[in-house]
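These are the residues of each chain, in order.
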Amino acid sequence: MKKDLTGITAKEYTFNTEEDICFSDEGVELCAKIVAKCAIHLQKKGVYKLFGDLKAKVTGSCERCGKQQVHFDVARRFNYQYILGEEPSLGSEHECRVEDYDRVYLTDPVIESSDVLSEQLVLALPGQILCDDNCKGLCPLCGINQNLESCVCKETHKGSPFAILNTLQKN
Ligand SMILES: [Zn+2]
Ligand SMILES: [Zn+2]
């Protein structure tokens with residue numbers, strides 16, 4: 001959803017937004033239903049502050065065992081500062097302050113809420129998507145799903161580093 005910032009004043013303007021976003025990144029496919037509550041106001045001429053709160057229901061697949069339809073929820077708060085105009089080049093004016101918000105330069109006074117939400121969704125995702133914290137994953141040797149079946153690869157492997165060669169030769 002596009003939001004036109006013209007007409008936004010120092011008085012906080014709140015809006016709700018919903019987006020369904022699907023994307024794939026490095027072989028990980030995800031779909032999310034995002035609901036967000038945002039508040040925006042004019043901080044000073046040409047500078048807007050956006051505060052938001054997002055909640056998303058995410059569906060993905062387990063990165064260890066490949067199980068599909070893994071559902072989980074994420075939530076995140078975010079702050080942006082939108083500045084109309086060109087981004088100053090990093091130089092004399094560069095301030096090394098630690099900011100608690102993301103600063104975005106806009107050429108037009110319009111923000112695209114789906115850009116904001118997809119960016120924040122990525123930041124809210126866990127480092128690894130798992131069907132279960134204890135997911136045993138696939139056996140690196142025979143490829144079976146160790147949550148559902150067990151194999152003897154590890155035991156054979158444990159006996160001798162070369163034991164696997166024997167099982168391969170048998171086949
Ligand atoms: Zn799994
Ligand atoms: Zn195995």
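Look above for the structure.
Description of the structure in this document.

1. So, the overall build of the chain
Consideration 1: In terms of helices and strands, the chain carries three helices and seven strands.
Consideration 2: Partitioning the intrachain contacts of the chain with sequence separation of at least 6 by distance along the chain shows that 54% fall at a separation of at least 24.

2. Topic: the nonpolar core
Consideration 1: Counting 16 residues, the largest nonpolar core has I34, A56, L117 and L121 as its most contacted members.
Consideration 2: Elements that contribute at least two residues to this core include exactly β3 (28-44), β4 (47-60) and α1 (113-124).
Consideration 3: Leaving out residues up to four positions away in the same chain, A56 has contacts with A32, K33, I34, D73, V74, L121 and A124.

3. Describing α1
Consideration 1: With 12 residues, α1 extends 16 Å from end C-alpha to end C-alpha; this agrees with the ideal 16 Å at 1.5 Å per step.
Consideration 2: The inward-facing, buried residues of α1 abut β2 (13-25), β3, β4, β5 (70-84) and β7 (110-112).

4. Re unusual backbone geometry
Consideration 1: Although it is not a glycine, Q69 sits at a positive phi angle of roughly 55 degrees.
Consideration 2: When you line up the elements, Q69 lands in the loop between β4 and β5.
Consideration 3: The exposure class of Q69 is exposed, given the 9 C-beta atoms found within 10 Å.

5. A word on the pairing of β5
Consideration 1: In this structure, β4 lies alongside β5, joined through 14 bridges in antiparallel fashion. Its bridge partner being in β5, F51 is matched across the sheet by N79.
Consideration 2: As defined by bridge partners, β5 adjoins strand β6 (residues 102-106) across five bridges and the pair is classed as parallel. Paired with Q81 across the strands is R103, a residue of β6.

6. Considering the environment of M1
Consideration 1: Within the element layout of this structure, M1 appears in the segment before β1 (2-4).
Consideration 2: Exposure remark for M1: the 12 C-beta atoms within 10 Å place this residue in the exposed category.
Consideration 3: Sequence-wise, M1 and S114 are 113 residues apart; in three dimensions their C-alpha atoms are separated by 6.2 Å.
Consideration 4: Excluding residues within four positions of it along the chain, M1 makes contact with T17, S113 and S114.

7. Comments concerning the environment of N147
Consideration 1: Within the element layout of this structure, N147 appears in the loop between α1 and α2 (153-159).
Consideration 2: Residue N147 is classed as partly exposed on the basis of its C-beta count, with 17 C-beta atoms lying within 10 Å.
Consideration 3: Sequence separation between N147 and G137 is 10 residues; the distance between their C-alpha atoms is 6.8 Å.
Consideration 4: Leaving out residues up to four positions away in the same chain, N147 has contacts with C65, C135 and K136.

The rules behind each value
- Residues numbered from 1 in each chain as written.
- Chains lettered and ligands numbered in written order.
- Predicted model: local features only at pLDDT ≥ 70, side-chain atom pairs only at ≥ 80, totals over all residues.
- Helix = DSSP H or I, 4+ residues; strand = E, 2+ residues; numbered from the N terminus.
- Contact = placed C-beta atoms within 7 Å.
- Core = buried A, V, L, I, M, F, W, Y, C linked by C-beta atoms within 7 Å.
- Buried ≥ 20, exposed ≤ 12 C-beta atoms within 10 Å, placed from the backbone.
- Expected span 1.5 Å × (residues − 1).
- Pairing = 2+ DSSP bridges.

Function-wise, these values are silent; they only describe arrangement.
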